[in-house]
Amino acid sequence: MTTTISVINQKGGVGKTTTVINLAASLSILGQTNLVIDLDPQGNATTGFGKSNSDEDKNIYNLLIKKISLGQAIQKTNIQNLDIIGSHVNLSGLEVETANDSKRAFVLKEILSSESGLLKKYDNIFIDCPPSLSLLTIMSLVASDELLVPLQTEFFALEGITQLVKTIDRIKENLNPTLSIRGILLTMFDKRNKLSSEVDKEARNYFKDKVYKTVIQ
């Protein structure tokens, strides 16, 4: 079955997009079939895979406003077994545009669910979330089965992750009861810095075995 995984942290610069690009590419090279959805208006995952984040036709914004179909939005990358739905700057205005839609949090989930036949060929769908707890992030949480959280080993990281966990709990309670955290990935780890080790220890005390043994330096 296809697993939809959001790579999420409301803090910017923690390695979300880098994680999505490297993880999706690596799994594709190993033989899995993957789809990346770039839900960040900055579009760095899109350009990271060699696609334009200013494509006026094939982008996630046009898909969410139902101007194009899912099949029209999906683009192949230069990596075998890896496709992408690219981002567009218009995403940044979606929250205002859909302010009167009471079901807007479910739009992405409904699109993916209605096209399950088209998506069943993928082992994983990775969603690159924006660095905020905005409508786009909520859409992603509602549409996902699991979450992967890159956590930078710096002073304010755990404070931010606490806020994120509260948001996840609210989503589980009200919108997506089966949502779970797949893992916490410690990033930008500097073994020369005592603070990195302290954040590592605190994260493992709080999240237990959800924190991956491998850290990203």
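Definitions and cut-offs
Residues numbered from 1 in each chain as written. Predicted model: local features only at pLDDT ≥ 70, side-chain atom pairs only at ≥ 80, totals over all residues. Heavy atoms only, no water. Phe/Tyr/Trp six-rings, centres within 6.5 Å; stacked < 30°, edge-to-face > 60°. Buried < 20%, exposed > 50% of the residue type's maximum accessible area, 1.4 Å probe, protein only. Helix = DSSP H or I, 4+ residues; strand = E, 2+ residues; numbered from the N terminus. Contact = heavy atoms within 4.5 Å. Core = buried A, V, L, I, M, F, W, Y, C linked by side-chain atoms within 4.5 Å. Axes fitted to C-alpha atoms, helices over the stretch in contact; angles between N-to-C directions. Parallel < 35°, antiparallel > 145°, perpendicular 65-115°, else oblique. Left-handed = near helix turned anticlockwise from the far one by under 90°. Nonpolar A, V, L, I, M, F, W, Y, C, P; charged D, E, K, R; others polar.

Draft legend 1. Here's a closer look at the packing of aromatic side chains. Tallying each qualifying case throughout the model produces 1 aromatic pair. For the ring pair Y206 and F207, a centre distance of 4.7 Å and an interplane angle of 75° mean the geometry is edge-to-face. Note on F207: relative accessible area 9%, which makes it buried.

Draft legend 2. Quick peek at the environment of L82. Relative to the elements of secondary structure, L82 occurs in strand β4 (residues 82-85). L82 sits in the buried class, given a relative accessible area of 0%. The spatial distance from the C-alpha of L82 to the C-alpha of G117 is 17 Å, given a sequence separation of 35 residues. Look past the residues within four positions of L82 in its chain and what remains in contact with it is A24, A25, S28, N34, V36, F49, K76 and T77.

Draft legend 3. Fine view of unusual backbone geometry. Non-glycine residue M188 carries a positive phi angle of around 55°. Mapped onto the fold, M188 is located in the loop between β7 (180-187) and α10 (194-207). In the Ramachandran plot, K208 falls in the positive-phi region, its phi being about 55° despite a non-glycine side chain. Along the chain, K208 turns up in the segment after α10. A residue is classified by how much of its surface remains accessible, and K208, at 54% relative accessible area, is exposed.

Draft legend 4. Highlighting the nonpolar core. Ranked by internal contacts, the top residues of the largest apolar core, which has 48 residues, are I60, L64, I85 and L108. Ignoring any residue separated from it by four or fewer positions in sequence, one finds I85 in contact with L35, V36, I37, D38, N59, I60, L63, L70, A73 and I74. By size, the runner-up hydrophobic cluster in this structure holds 14 residues, among which are V20, A24, A25 and I84.

Draft legend 5. Seen up close, the packing of helix α6 (residues 107-114) against helix α8 (residues 135-143). Two elements in contact, α6 and α8, have axes separated by 7 Å at closest approach and are oriented at 40°. Accordingly, the angle class assigned to the pair α6 and α8 is oblique. Both α6 and α8 take part in a crossing whose hand is right-handed. Here V107, L108, K109 and L112 of α6 come into contact with α8, specifically with M139, S140, V142 and A143. Within the contact of α6 with α8, the residues separate by chemical class into 6 nonpolar, 1 polar and 1 charged.

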